[in-house]
Amino acid sequence: MARTVTCSAPVNIAVIKYWGKRDERLILPTNSSLSVTLDQSELQATTTVSRSQLFHQDRMWLNGREQPIDNPRLQNCLREIRKRAGALQSDEHIHICSINNFPTAAGLASSAAGYACLVFALAQLFDIKEELSSLARQGSGSACRSMYGGFVKWERGSSPGGCDSIAVQVGNICVPVPGNSDISLALDCPTHSLAGIGSSYFGGQ
């Protein structure tokens, strides 16, 4: 019998961007960055993950369309989750179904929400309790900031291995779209994606 977990994750919008990577493979930024998390009642990614010995292979669907499973960043996340769970040699396979309630690849940080959601869901599926933003970062850099609500800082870090390049919540407020009298954000969302599926599958780089 398959075990299944469903989670959702928010979009974040950078207010101080990171400008390039000092390590492309580990996705380590050249500078720290800051973002604000949008309210999930407006924009979110929802991901369902299942694991079972009855599955013949790992598979993934994005917005109802099956995607190749061999994307390097996706494989990095799956491999690291299995490593942390002590399941590298397991005969179970994973099925992933992810849906965005906003256009993918339209400049709305779908990759950040998508990978944050995927990593959190997989951690729940495998009962992993440790820090997760460093793992989400390996799927999409800004995904680490979607692991938390409010204002979130992605630390540049100094370790060559990236263990200290993590996300830290610095202010607990989520911005509605449109919002309240204190702070708000207006977005003009197209009705369809403006680009093809990005190299990270969730719409970003």
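Calculation criteria
- Residues numbered from 1 in each chain as written.
- Predicted model: local features only at pLDDT ≥ 70, side-chain atom pairs only at ≥ 80, totals over all residues.
- Heavy atoms only, no water.
- Axes fitted to C-alpha atoms, helices over the stretch in contact; angles between N-to-C directions.
- Helix = DSSP H or I, 4+ residues; strand = E, 2+ residues; numbered from the N terminus.
- Parallel < 35°, antiparallel > 145°, perpendicular 65-115°, else oblique.
- Left-handed = near helix turned anticlockwise from the far one by under 90°.
- Contact = heavy atoms within 4.5 Å.
- Nonpolar A, V, L, I, M, F, W, Y, C, P; charged D, E, K, R; others polar.
- pLDDT = per-residue confidence, 0-100.
- Pairing = 2+ DSSP bridges.
- Phe/Tyr/Trp six-rings, centres within 6.5 Å; stacked < 30°, edge-to-face > 60°.
- Buried < 20%, exposed > 50% of the residue type's maximum accessible area, 1.4 Å probe, protein only.
- Polar contact = N/O pair within 3.5 Å; in protein donor to acceptor, adjacent residues only side chain to side chain.
- Core = buried A, V, L, I, M, F, W, Y, C linked by side-chain atoms within 4.5 Å.

Some words on the packing of helix H1 (residues 72-85) against helix H2 (residues 110-125)
(1) Moving on: Two elements in contact, H1 and H2, have axes whose closest approach is 10 Å; the angle formed by their N-to-C orientations is 20°. Viewed along their axes, H1 and H2 adopt a mutual orientation that is roughly parallel. As for how H1 packs across H2, the hand of that crossing is right-handed. Mapping the contact onto sequence places Arg73, Leu74, Cys77, Leu78 and Ile81 in H1 and Tyr115, Leu118, Val119, Leu122 and Ala123 in H2.
(2) Moving on: Of the residues contributing to the contact of H1 with H2, the split by class is 9 nonpolar, no polar and 1 charged.

Topic: the confidence of the model for the protein chain
(1) Moving on: For the protein chain, the mean per-residue pLDDT works out to 87, and 81% of the residues sit at or above 70.
(2) Moving on: Of the regions scoring below 50 in pLDDT, residues 193-199 engages in 16 contacts with residues more than four places distant in sequence or in other chains.

Points about the sheet that holds strand S6 (residues 44-52)
(1) Moving on: Here 5 strands make up an open sheet; going across it, the order is S1-S6-S9-S7-S8 and the pairing mixed. For this open sheet the edge positions go to strand S1 (3-10) and strand S8 (65-67), each flanked by a neighbour on one side alone. For this sheet the average axis-to-axis angle between neighbouring strands, irrespective of direction, equals 20°.
(2) Moving on: Pairing between S6 and strand S9 (residues 93-100): 8 bridges, direction antiparallel. Among the inter-strand pairings, Thr47 is bridged to a residue of S9, identified as Ser98.
(3) Moving on: Here H1 sits on the sheet in contact with strand S7 (59-62) and S9, set at roughly 130° to S9.

Examining the packing of aromatic side chains
How two aromatic rings sit relative to each other is set out by the distance from centre to centre and by the angle between their planes.
(1) Moving on: Using the criterion set out here, one finds 1 aromatic pair in the structure.
(2) Moving on: With a centroid separation of 4.7 Å and an interplanar angle of 70°, the aromatic rings of Tyr18 and Trp154 are classed as edge-to-face. One end of the pair, Tyr18, is in the loop between strand S2 (12-16) and strand S3 (21-23); the other, Trp154, is in strand S10 (residues 151-154), and 136 residues separate them in sequence.

Describing the side chain of Ser146
(1) Moving on: Inspection of the secondary structure assignment puts Ser146 in the loop between helix H3 (133-137) and S10.
(2) Moving on: We classify Ser146 as buried; its relative accessible area is 3%.
(3) Moving on: At 2.8 Å, the side chain of Ser146 and the backbone oxygen of Pro10 are in polar contact.
(4) Moving on: Engagement of the side chain of Ser146 in a polar contact is seen with the side chain of Asn12, the distance being 2.8 Å.
(5) Moving on: Other than its neighbours up to four places away in sequence, Ser146 contacts Ala9, Pro10, Val11, Asn12, Ala112, Ala113 and Ala116.

Looking at the nonpolar core
(1) Moving on: Val49, Leu74, Ile96, Leu118, Leu122 and Phe126 are the most contacted members of the largest nonpolar core, which has 34 residues in total.
(2) Moving on: Breaking this core down by element, the ones donating at least two residues are S1, S6, S7, H1, S9, H2 and H3.
(3) Moving on: In terms of residue count, the dominant contributor to this core is H2 (10 residues).
(4) Moving on: With near-sequence residues (within four places) excluded, Val49 lies in contact with Arg3, Thr4, Val5, His95, Ile96, Leu118, Ala121, Leu122 and Leu125.
(5) Moving on: With 5 residues, the next largest nonpolar core counts Ile27, Val152, Trp154 and Ala167 among its residues.

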